[in-house]
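# Descriptive structure summary
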Amino acid sequence: MDLAPTKSKSSSIIDCDFHQTLKSFEDLKPYLPRVWWPRLCAPEATLPITIFKPIPLSRRDASPGKGLPPGSDPQYAIEDALNRYNISKAVLTGSLLTVSAHNNPDYAAAIASAFNDYTLDHWIPTDDRFLASILVATQDPVLAAREIDRLGSHPKVVQVLLPVGSREPFGQRRFYPIYEAAVRNNLVVAIHGGGEGDGINPPISAVGQPTTNFERHNILAIHHMSQLNSIVCEGVFETFPTLKVIFIEGGLAWVPHLMWRMDKNFRGMRNEVPWLKKKPSEYIIEHCRFTTQPIEEPDNHELIQMLSMMRAEKTVLFATDYPHWDNDSPTFVLNKLPGELRRRIAYENAAELYELNHSHVEKEGVSR
Amino acid sequence: MRKYNAAEVGEIEVGDCKILNIEGRSIGIYYDGENYFAIRNVCPHEQAELCKGTFTGTTLASKPHEYIYGMDGEILVCPWHGWEFNVKTGQSLVDPNKYKVKVYDVEVENNRIVVNL
């Protein structure tokens, strides 16, 4: 393989992590039952957050002006990101990713649902390049499945979005209604950072809460690791053989580590999980995808080696995380990659996952 | 060396940064109340517009669990990944020899802020 980085900017890009947000929580009112309104704007009542972040979540240079939050104005975001970087499709991943940390499962489900309606009304019609996720609160998987069925046939919806923070690992059977509904609606399941250590969820590290946001951010991927490990070990991909799961904003370099460790242990401990018919890494390579941001930044040849170890030509998808503080620009990430790998990561892997070249078009023509 | 007449004294308030296009280069002129600093408006990490970040101070090197605030007004924090730069030298705090942003000499002449390119 040619390992020289490419400088070409001509290839198409799909951004798998593009954050739209509200101008204020008031925006949810038209979609939210009246009973929940009093707590919507009360301090700390809607999104529980434990650890102070010295750098604000959103880039201050991405504000649309008038004091509005970055990512709250579709027209500004279209210019500032889609047009600037010539992005062909952007998967909207929203801004209520702490919702799984709320103590009230009904309130959590209601605001997730309101947010989904807001996205479909205020963002999706603004640009054909936007694709939607259905955010669900995982506290009550039956309510989550109901939400997936409510919106799953919308032609622009491509995935179900689960915040990674959770009281229980996602491979466990109580979450199966979510996977059943995703499969029923031909949707990808996306697991995105959010809610780790907040509210009702277990601590950010496995040994307790860290002292600083630096310490927190360094270890966040353990939540992605824990969910992936659980989903594979519990045989979710045997139960739902068509299910695809994408892990967003967890970085990448932990994936080879986990695959090697799982495969090694499988040789000696397979008898605990007789439902697994293949090596764990084979399930991962076939069913799981991982997005680049926040990409690790070793020197370039080490990065390419790491990508090779995780079969990135099949498993890795590009993401910006616009407009959050730790977003990656397409040029910064993609110019590191040799030609064919760049094409796979920038576009092809995502186009295949979300069936953008084929069935998605068909889906738009089908009334359900 | 060329002199560029950037702004009038009083045009940039204390703590503010005015971003100008100077001969095709985007450069921020920052005023700390005493001196003016001219800093290239491009972060060496991911090419964000650095001068749209925050001018502030930082925690100085200390013993574990000792917090000393200092360099107030001497640090520019990138609005993207939070990288800190010394406004006087352009050097990043963590990796000063590898990541440096270009800074230019600034003088005040006849009530004008002049950047030496």
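Residues numbered from 1 in each chain as written. Chains lettered and ligands numbered in written order. Predicted model: local features only at pLDDT ≥ 70, side-chain atom pairs only at ≥ 80, totals over all residues.

## Description of unusual backbone geometry
Stated precisely, the cut-off is as follows: Only runs of H or I of at least four residues qualify as helices and only runs of E of at least two qualify as strands under DSSP, and these elements are numbered from the N terminus.
Cis geometry is found at the peptide bond from A:Gln293 to A:Pro294, where omega equals -10°. Relative to the helices and strands, A:Pro294 is located in the loop between strand S7 (288-291) and helix H11 (300-309). Geometrically, the link from A:Tyr322 to A:Pro323 is a cis peptide bond, its omega value of -5° lying close to zero. Take A:Pro323: it is sitting in the loop between strand S8 (316-317) and helix H13 (330-334). A positive phi is found at B:His65, a non-glycine position, where the angle reads about 65°. On the secondary structure map, B:His65 appears in the loop between strand S5 (54-59) and strand S6 (69-77).

## A few points about the confidence of the model for chain B
Definition in use: Think of pLDDT as the predictor's per-residue confidence, scored from 0 to 100.
Mean pLDDT over chain B: 96, with 100% of residues reaching 70 or higher. Across the assembled chains, the prediction reports ipTM 0.83 with pTM 0.92.

## Side note on the packing of helix H7 (residues 221-233) of chain A against helix H9 (residues 254-269) of chain A
All names here are of chain A. Operational definition: An axis is simply a line fitted to the C-alpha atoms; with a helix, the fit covers only the stretch in contact. Between two such axes, the angle follows the N-to-C directions and lies from 0 to 180 degrees. Note on convention: the crossing is left-handed when the near helix lies turned anticlockwise from the far helix by less than a right angle, right-handed when the turn is clockwise. Any two residues are considered in contact once their C-beta atoms, placed from the backbone, lie within 7 Å.
It is the contact of H7 with H9, at a shortest axis distance of 11 Å, that shows an interaxial angle of 35°. Every pair of crossing elements has a handedness; the one defined by H7 and H9 is right-handed. Facing H7, whose interface residues are Ala221, Met225, Leu228, Asn229 and Val232, H9 presents Trp254, Leu258 and Met262.

## Points about the nonpolar core
What counts is decided by this rule: A set of buried Ala, Val, Leu, Ile, Met, Phe, Trp, Tyr and Cys residues, joined to one another through C-beta atoms within 7 Å, is what we call a nonpolar core. With C-beta atoms placed from the backbone, a residue is buried if 20 or more other C-beta atoms are within 10 Å of its own, exposed if 12 or fewer are, and partly exposed between those counts.
By size, the foremost hydrophobic cluster in this structure holds 95 residues, and its most contacted members are A:Ile111, A:Ala112, A:Val136, A:Val160 and A:Phe318. Sort the elements by how many residues they give to this core and helix H3 (residues 105-122) of chain A lands first, with nine residues. In terms of nonpolar packing, the next biggest core, distinct from the first, is built from 27 residues, A:Trp325, B:Cys17, B:Leu76 and B:Phe85 among them.

## Comments concerning helix H4 (residues 141-151) of chain A
Because an α-helix completes one turn every 3.6 residues, residues spaced three or four positions apart along the sequence face the same direction. Regarding H4(A), the residues found buried are A:Pro141, A:Leu143, A:Ala144, A:Ala145, A:Glu147, A:Ile148 and A:Leu151. Tucked inside the fold, the buried residues of H4(A) contact H3, strand S3 (130-135), strand S4 (157-163) and helix H5 (176-184) of chain A.

## Let's talk about the sheet that holds strand S3 (residues 25-31) of chain B
All names here are of chain B. Rules: Pairing between strands is defined by DSSP: at least two bridges between them are needed.
The strand order across the open sheet formed by six strands is S1-S9-S8-S4-S3-S2, and the pairing between neighbours is antiparallel. A strand with exactly one partner marks an edge of an open sheet, and here the two such strands are strand S1 (3-8) and strand S2 (17-22). Averaged over all pairs of adjacent strands, the angle between strand axes in this sheet comes to 30°, irrespective of strand direction. Here S1 runs beside strand S9 (residues 112-116); their pairing, made up of five bridges, is antiparallel.

## Section: the packing of H4(A) against H5(A)
Residue and element names in this part refer to chain A. Condition: For this classification, under 35 degrees means roughly parallel, over 145 means roughly antiparallel, 65 to 115 means roughly perpendicular, and everything else is oblique. Classification convention: Asp, Glu, Lys, Arg as charged; Ala, Val, Leu, Ile, Met, Phe, Trp, Tyr, Cys, Pro as nonpolar; all other residues, Gly among them, as polar.
It is the contact of H4 with H5, at a shortest axis distance of 8 Å, that shows an interaxial angle of 10°. By the angle class used here, H4 and H5 are roughly parallel. Facing H4, whose interface residues are Pro141, Val142, Ala144, Ala145, Ile148 and Asp149, H5 presents Pro177, Ile178, Glu180, Ala181 and Ala182. The class makeup of the residues in the contact of H4 with H5 is nine nonpolar, no polar and two charged.

## Thoughts on the interface of chain A and chain B
Accessible area lost during the coming together of the parts is what is often quoted as the interface size. Contacts between chain A and chain B engage 10 residues on the former and nine residues on the latter. When its residues are assigned to classes, the side of chain A that touches chain B shows three nonpolar, two polar and five charged.

## Concerning the sheet that holds strand S1 (residues 14-18) of chain A
Residue and element names in this part refer to chain A. Reading across the sheet, the eight strands line up as S1-S2-S3-S4-S5-S6-S7-S8 and stay open at both edges, with parallel pairing between neighbours. Pairing within the sheet leaves two strands with one partner each, and these edge strands are S1 and S8. In terms of strand pairing, S3 meets S4 through four bridges, oriented parallel. By the bridge assignment, Ser133 is partnered in S4 with Gln159. Here H3 sits on the sheet in contact with strand S2 (89-92) and S3, set at roughly 170° to S3.

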